[in-house]
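So you can see what is in the structure, the chains are spelled out below.
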Amino acid sequence: MTAIRGARERARGEITAAIKDEARKQLAAEGAAKLSLRAVARELGMVSSALYRYFPSRDDLLTALILDAYNALGQAAETALAGRRGSADAAPAARWTAVCRAVREWALAHPHEYALIYGSPVPGYHAPRTTAEPAGRVARALIEVVRDAYAAGALREPDDPLPDAVVGDMLALVAEQGVELPAGVVARLVGAWAQLFGLVGFELFGQFNRVVEAREEFFEQAVLQLARSVGLPTPAR
């Protein structure tokens, strides 16, 4: 019975992977809004009723693709960060840049999956709470860099006051995530996190066309400026 169950699980895993692979092809060709379970089933030579046993609705399939994308992007960021631990090039700015660079490289290699998670919302789709944890993996990698610099006394804390409402938001975030950083630092981190994905999105979706041609060099300089904005020490200019 164990061997039979194992074979069934492997077969289910293979079919699930094939469904998601075909769905990603549809994302590239038609966009997320036009993703169709019937079209996926047709391309795989399956009847729709069989596919529904794996993904009961289009939203279930979208959620699976979104989770995969967030986790793949998060893994890329975490791997880049881990590669700097204990190395000769483990300065805060180098670690920060490694994470940001990994985000950009993953996005350029997987533009349609990036668009799924950071592009226009899919009409009628509402992401479940299960997407929140993987969606925060890149942010947690950046937080680790800043937290380590703060613990080592290497972080320059902001001296500009925050509006009371923003302080409240940041204190709530600190309590929820256990960030262990001052509210002012967390506010700058949130701003830098948003700007990182703005930089990547502008490049990926064409807003830099005829504006910035030296994309990689521009990105590297911009993420160093973001590092400075959160108080990380950076190489002398």
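Just above sits the structure.
Residues numbered from 1 in each chain as written. Predicted model: local features only at pLDDT ≥ 70, side-chain atom pairs only at ≥ 80, totals over all residues. Heavy atoms only, no water.

1. Focus on the overall build of the protein chain
Helices and strands together make up the secondary structure of the protein chain, namely 11 helices and zero strands. Each helix and strand of the protein chain, placed in order from N terminus to C terminus, yields the pattern α-α-α-α-α-α-α-α-α-α-α. Dimensions of the protein chain, computed from C-alpha atoms along their principal axes, come out at roughly 60 × 50 × 40 Å. In the protein chain, which comprises 237 residues, the proportion classed as buried is 41%. For the protein chain, restricting intrachain contacts to residue pairs at least 6 apart in sequence, the fraction spanning at least 24 positions comes to 70%. Across the protein chain, 27 positive and 28 negative side-chain charges occur, with their mean positions spaced 6 Å apart. (Helix = DSSP H or I, 4+ residues; strand = E, 2+ residues; numbered from the N terminus. Buried < 20%, exposed > 50% of the residue type's maximum accessible area, 1.4 Å probe, protein only. Contact = heavy atoms within 4.5 Å. Lys, Arg positive; Asp, Glu negative; His and termini not counted. Charge placed at Lys NZ, Arg CZ, Asp CG, Glu CD.)

2. Observations regarding the nonpolar core
Within the largest apolar cluster, 63 residues are counted, with the highest numbers of intra-cluster contacts made by Trp96, Val146, Leu196 and Leu232. Setting aside residues no more than four positions away along its own chain, Val146 makes contact with Trp96, Leu155, Leu181, Val185, Leu189, Val230 and Leu232. (Core = buried A, V, L, I, M, F, W, Y, C linked by side-chain atoms within 4.5 Å.)

3. Notes on the pattern of salt bridges
Scanning the model with the defined rule gives 12 salt bridges in all. Residue Asp148 is joined to Arg95 by a salt bridge in which the shortest nitrogen-to-oxygen separation is 3.0 Å. Of this pair, Asp148 sits in helix α8 (residues 137–151) while Arg95 sits in helix α5 (residues 92–109), and the two are 53 residues apart along the sequence. On the basis of relative accessible area, Asp148 is assigned to the partly exposed category, the value being 33%. (Salt bridge = Lys/Arg side-chain N within 4 Å of Asp/Glu carboxyl O.)

4. Looking at the environment of Pro235
Structurally, Pro235 can be placed in the segment after α11 (215–229). The exposed category is assigned to Pro235, whose relative accessible area is 53%. C-alpha of Pro235 to C-alpha of Ala91: the two residues are 144 residues apart in sequence and 9.6 Å apart in space. Setting aside its immediate chain neighbours within four residues, Pro235 contacts Ala93, Leu224 and Arg228.

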